[in-house]
Amino acid sequence: MSSTEELLKRLGVSIDAETLRLALTHRSYAYENGGIPTNERLEFLGDSILGFSVTDSLYRDNPELPEGELAKRRSAVVSTRALAGIARELGVGEFIYLGQGERLTDGKNKSSILADTMEALIGATYLSNDIETARQLVMRLVGPLLKDAAALGAGTDWKTSMQELAASRQMGSIYYAVEGSGPDHARTFEAVLQIAGTAYGKGSGHSKKEAEQEAAADAWRTLNSKNKPQRTAGASADPAHSA
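This paragraph deals with the nonpolar core. Soluble globular proteins tend to bury their nonpolar side chains together. Counting 42 residues, the largest nonpolar core has L7, V54, V92, M118, L121 and V142 as the members making the most contacts within it. A total of eight residues in this core trace back to one element, the largest contributor, which is helix 8 (residues 111-128). What L121 contacts, discounting residues up to four positions off in sequence, is L7, L11, I15, L20, A23, L24, V92 and L137. Within the second largest apolar cluster, 19 residues are counted, among which are W158, I195, A211 and A219.

Let us look at the packing of helix 4 (residues 40-61) against helix 8. One can describe the packing of helix 4 onto helix 8 by two numbers: an axis separation of 6 Å at closest approach and a directional angle of 85°. Looking at the two axes, helix 4 sits roughly perpendicular to helix 8. Where helix 4 approaches helix 8, its residues L42, E43, L45, G46, D47, I49 and L50 are matched on the opposing element by D116, E119, A120, I122, G123, A124, Y126 and L127. Residues that form the contact of helix 4 with helix 8 fall into these classes: nine nonpolar, two polar and four charged.

Take the packing of aromatic side chains next. One pass over the full model with this rule turns up one aromatic pair. An angle of 50° between the planes, with centres 5.4 Å apart, marks the rings of Y29 and Y97 as tilted. Here Y97 lies in the loop between helix 6 (80-90) and helix 7 (100-104) and Y29 lies in helix 3 (residues 27-32), a separation of 68 residues in the sequence. Cation over ring: R21 sits above Y97, and NZ or CZ is 4.1 Å from the ring centre. The ring centre of Y176 lies 4.9 Å from the NZ or CZ of K159, which sits over that ring.

With respect to the helices, strands and loops of the structure, L193 is situated in strand 2 (residues 188-195). Assessed through its relative accessible area of 0%, L193 is described here as buried. Along the chain, L193 and E214 lie 21 residues apart, while their C-alpha atoms are 9.4 Å from each other. Leave out the neighbours within four places in its chain, and L193 touches M162, I174, Y175, Y176, T198, A199, Y200, G201, A215, A216 and A219.

How each quantity is defined
- Residues numbered from 1 in each chain as written.
- Predicted model: local features only at pLDDT ≥ 70, side-chain atom pairs only at ≥ 80, totals over all residues.
- Heavy atoms only, no water.
- Core = buried A, V, L, I, M, F, W, Y, C linked by side-chain atoms within 4.5 Å.
- Buried < 20%, exposed > 50% of the residue type's maximum accessible area, 1.4 Å probe, protein only.
- Helix = DSSP H or I, 4+ residues; strand = E, 2+ residues; numbered from the N terminus.
- Contact = heavy atoms within 4.5 Å.
- Axes fitted to C-alpha atoms, helices over the stretch in contact; angles between N-to-C directions.
- Parallel < 35°, antiparallel > 145°, perpendicular 65-115°, else oblique.
- Nonpolar A, V, L, I, M, F, W, Y, C, P; charged D, E, K, R; others polar.
- Phe/Tyr/Trp six-rings, centres within 6.5 Å; stacked < 30°, edge-to-face > 60°.
- Lys NZ or Arg CZ within 6 Å of the ring centre and 35° of its normal.

Here it is as structure tokens:
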């Protein structure tokens, strides 16, 4: 594992060593090490700070927008996909304490784990400093996303947005190939969105619904980018492969 000093440098904050370690401790690691504390309580705290900070910014910066549109934009910015994307840019995955099972299944790259850890780091920043420091961290992280109008417009329900997009382009029916893995206490799902046998997006989560939403978001961005969609490696169009 890389030095956590590097992670703090990337985040631009100071967090005491004990709180930082807790923020990076996934439940799979805690389970394999005698049931030590996990980052889930910090995740709960960070989620509230994230939501408030984004809501405050949206309210102040968009006086013309109605409540429904503000809620839609907030949903997009605080989504698992958005937070996981931020975590990947920062390289947070290499610092997370994971159990053997999660390490073997590339847990450091799973969207759900990355998003949860980002929320825990926000909570840890608050505890080690103050609410303003945590708020500034949130805005540094999600500020660029608030300017992404196209993504914000689709973020409330990616599956619905993807269904509408596929229909408008007459691409055919959407199929989600979903597979589950891991023990019951730490079950995760991987989903691949396919249209006419071609995979356009993939995602992961603690439930099939979450994984499918992530896959839909990935596909939506792919189809709205300038790059030609590529077939996802290892994807199968055979419904028999769905969990």
